Amino acid sequence: MKGRNVFAAAMLSGALFAVPAFAQGPQGGFSALEGVDAQALSVEEMEAISGELNAYDIAAALLGLAATLNGDLAAKVTALANYFLANAVQINALFAKFNILTPCTSSLCP
């Protein structure tokens, strides 16, 4: 259940960045997305920018990051990596459900 809450929070925060930002001040207003053009990406471009959406790869990246940190922050990043490892099957099932699971490429692959 906790994994679903984390994923839902990530999806909602991502949605906040996808909407235009508006501000009203004493000088008027502005739109943060004013003048932005969008275009469709090719399959090759999509594959080039696809992330490491595999719980084992995420855990490996977090463990690598934790090795560069010190003290309490290193411990917290390691704990997060261990969470991903402990719940990898459920997390990857969720990624697969949304068709965003990528093949595992790290040394932590089962």
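Here's a quick rundown of the structure.

## Topic: the state of the cysteines
Consideration 1: Within the structure shown, the criterion is met by one disulfide.
Consideration 2: The residue that forms a disulfide with cysteine 104 is cysteine 109, at a sulfur-sulfur distance of 1.9 Å. Residues cysteine 104 and cysteine 109 are joined through a disulfide that is left-handed, its torsion about the S-S bond being -95°.
Consideration 3: Its relative accessible area of 25% is what places cysteine 104 among the partly exposed residues.

## Quick notes on the side chain of asparagine 92
Consideration 1: By secondary structure assignment, the location of asparagine 92 is in helix 5 (residues 88-97).
Consideration 2: Given a relative accessible area of 11%, asparagine 92 falls into the buried group.
Consideration 3: In contact with asparagine 92, other than residues within four places in its own chain, are Asn54, Ala55, Tyr56 and Leu101.

## Structural notes on unusual backbone geometry
Consideration 1: Despite not being glycine, asparagine 99 shows a phi value in the positive range, around 55°.
Consideration 2: With respect to the helices, strands and loops of the structure, asparagine 99 is situated in the segment after helix 5.

The rules behind each value
- Residues numbered from 1 in each chain as written.
- Predicted model: local features only at pLDDT ≥ 70, side-chain atom pairs only at ≥ 80, totals over all residues.
- Heavy atoms only, no water.
- Disulfide = S-S within 2.5 Å.
- Buried < 20%, exposed > 50% of the residue type's maximum accessible area, 1.4 Å probe, protein only.
- Helix = DSSP H or I, 4+ residues; strand = E, 2+ residues; numbered from the N terminus.
- Contact = heavy atoms within 4.5 Å.

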